[in-house]
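Residues per chain are reported as follows:
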Amino acid sequence: MAERSLTERDQAVIWHPYTQMQNALSPVPIVRGEGPYLIAEDGKKYLDAVSSWWVNIHGHAHPYIAEKVAQQLKTLEHVIFAGFTHPAAVELAERLLKIIPDNQSRVFYSDNGSTAVEVALKMCLQYWKNIGQSRTRVLAFQNSYHGDTFGAMSVSSRSEFTKPFEQLLFDVEFIETPNKQNINKLKEQLSALSAQLSAFIFEPLVQGAGGMNMYDAQYLDELLSHCKNEGILTIADEVMTGFGRTGKLFASDHLKTQPDIMCFSKGLTGGTMALGVTTCISKIYEAFLSEDKLKTFFHGHSFTANPIACSAALASLDILLRPETMHNITRIADKHRLFAKTITQHPKVRTLRQTGTIFVLEWETGDNTSYFNRLRDDLYNFFLKEGVILRPLGNIIYIMPPYCITDKQLDYIYTKIEEALERF
């Protein structure tokens with residue numbers, strides 16, 4: 001009997017995320033990574049133009065990260081983090097606090113983006129309880145996405161993805177993203193709700209899975225300043241926007257008013273391992289300090305602050321803060337802007353958006369923008385055939401490449417997009 005392929009073995013035992021398994025195409029069997037490329041079982045190379053769901057900021061199988069992880073594996077693979085600590089966790093917290101907005105003072109570790117958000121929400125809700133106030137409502141943006149666990153789903157915009165669980169999600173106040181026309185109305189809404197609101201959670205500047213929607217830092221700043229005046233805690237979900245994606249180290253670096261809590265994951269370890277971080281200001285941390293044990297923050301994960309993951313994050317930070325990496329971020333942003341100018345008048349282009357290394361093209365299909373747009377599968381399969389991994393959000397395609405991608409490789413992606421514009 002012939003040996004079964006990796007794909008055949010997969011299809012016999014695995015259930016994939018965000019996939020209708022009844023009619024899904026066979027998964028592409030990837031056996032190796034190298035820089036911006038993923039290499040399949042048959043040897044075909046794919047340019048990973050979406051950084052494998054936005055996590056792989058330095059390219060695949062980076063030798064420096066691999067070396068640091070290997071060293072850590074030979075020293076300490078894991079230790080319970082309740083009542084214990086270890087060097088990698090302490091050093092990572094110290095280094096993060098030096099580069100994120102300087103109002104942040106404490107680091108809480110978890111496992112991924114959704115759990116980082118869950119931690120932030122629970123911190124805010126319990127903060128008010130600990131200080132003797134009842135504030136239980138949360139404010140979020142329309143079209144937001146903060147994760148797939150129940151708290152994170154609750155503060156994400158209601159959609160087909162959340163519909164099966166709708167009766168179980170807690171109520172959230174949703175508002176529009178701010179602009180010149182609506183900023184005063186939004187402030188009025190905040191003031192009317194302020195006595196009930198425990199927190200306002202937002203994706204700064206770019207709403208990821210909700211359609212790569214972008215909005216101005218100026219009006220977000222105004223909104224955050226108003227929250228501060230009204231005593232509303234603010235949570236910046238930087239899971240996607242952190243670590244250079246918006247052209248600065250963090251999207252919050254574009255703001256004057258800084259959040260009270262920040263959430264990180266994805267690029268935190270350079271795409272090497274799962275790790276989540278939630279940071280907060282001193283005022284929040286201090287509200288949990290008490291002789292009353294019931295004011296303890298009762299949250300934790302088995303793999304909290306895993307030493308291997310922390311070591312990967314430290315290595316990723318080393319690479320991120322190199323001058324050549326920051327130069328590459330600027331270079332990619334400049335290339336995106338130039339490409340946008342060449343296609344802006346194309347009749348198939350409904351809108352173009354770009355912030356830092358994130359480039360977004362909304363396809364004109366004659367239909368409303370939708371994750372379930374019929375064009376999605378055609379585009380996805382076309383780009384795969386051409387050796388490019390682009391995962392459209394319906395009729396929206398985006399490029400969010402690893403920072404090691406070359407101009408030549410970017411030009412290849414742009415060329416394939418131009419071909420697709422003529423074809424579909």
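Further up the page is the structure itself.
Source: prediction; values computed, not measured.

**A look at the environment of E166**
Move 1: As for its position among the elements, E166 is in the loop between α6 (150-154) and β6 (172-175).
Move 2: Counting along the chain gives 13 residues from E166 to M153, while the straight-line C-alpha distance between them is 9.3 Å.
Move 3: In this view, E166 contacts R158 and S159; residues no more than four positions away in its chain are not counted.

**A look at unusual backbone geometry**
For residues besides glycine, phi is generally negative; the peptide bonds are generally trans as well.
Move 1: Of note in this structure, S52 is not a glycine but carries a positive phi near 50°.
Move 2: Take S52: it is sitting in helix α2 (residues 51-54).
Move 3: Within the chain, A305 stands out as a residue other than glycine whose phi angle is a positive 55°.
Move 4: Of note, A305 is situated in the loop between α9 (282-286) and α10 (307-320).

**Structural notes on the packing of aromatic side chains**
Move 1: Enumeration over the complete set of coordinates arrives at 18 aromatic pairs.
Move 2: With a centroid separation of 5.4 Å and 50° between ring planes, the pair formed by F339 and F359 is classed as tilted. Of the two residues, F339 is situated in helix α11 (residues 323-343) and F359 in strand β14 (residues 358-363); the sequence distance between them amounts to 20 residues. Both residues of the pair, F339 and F359, belong to the buried class.
Move 3: Linked through ring pairs, F141, F200, F202 and Y215 together constitute an aromatic cluster.
Move 4: Here R106 stacks its cationic end above the ring of Y285, 4.0 Å away from the centre of that ring.
Move 5: Sitting over the face of the ring of W128, R135 holds its NZ or CZ atom 4.2 Å from the ring centroid.

**Brief notes about the sheet that holds strand β16 (residues 396-399)**
Move 1: In spatial order, the strands read β13-β14-β16; together these three strands make up an open sheet with antiparallel pairing. A single partner strand is all that each edge strand has here, and the edge strands are β13 (349-355) and β16. Averaged over all adjacent pairs, the angle separating strand axes in this sheet is 15°, with direction ignored.
Move 2: Of the strand pairs in this sheet, β14 and β16 are connected by four bridges, and their pairing is antiparallel. Residue E362 lies in a different strand from β16, and its bridge partner there is I396.
Move 3: Contacts between helix α13 (residues 407-423) and the sheet are confined to β13, β14 and β16, with β14 contributing the most and set at about 10° to the helix.

Conventions used here
- Residues numbered from 1 in each chain as written.
- Predicted model: local features only at pLDDT ≥ 70, side-chain atom pairs only at ≥ 80, totals over all residues.
- Heavy atoms only, no water.
- Helix = DSSP H or I, 4+ residues; strand = E, 2+ residues; numbered from the N terminus.
- Contact = heavy atoms within 4.5 Å.
- Phe/Tyr/Trp six-rings, centres within 6.5 Å; stacked < 30°, edge-to-face > 60°.
- Buried < 20%, exposed > 50% of the residue type's maximum accessible area, 1.4 Å probe, protein only.
- Lys NZ or Arg CZ within 6 Å of the ring centre and 35° of its normal.
- Pairing = 2+ DSSP bridges.
- Axes fitted to C-alpha atoms, helices over the stretch in contact; angles between N-to-C directions.

Function cannot be inferred from these measures alone, as they are strictly geometric.
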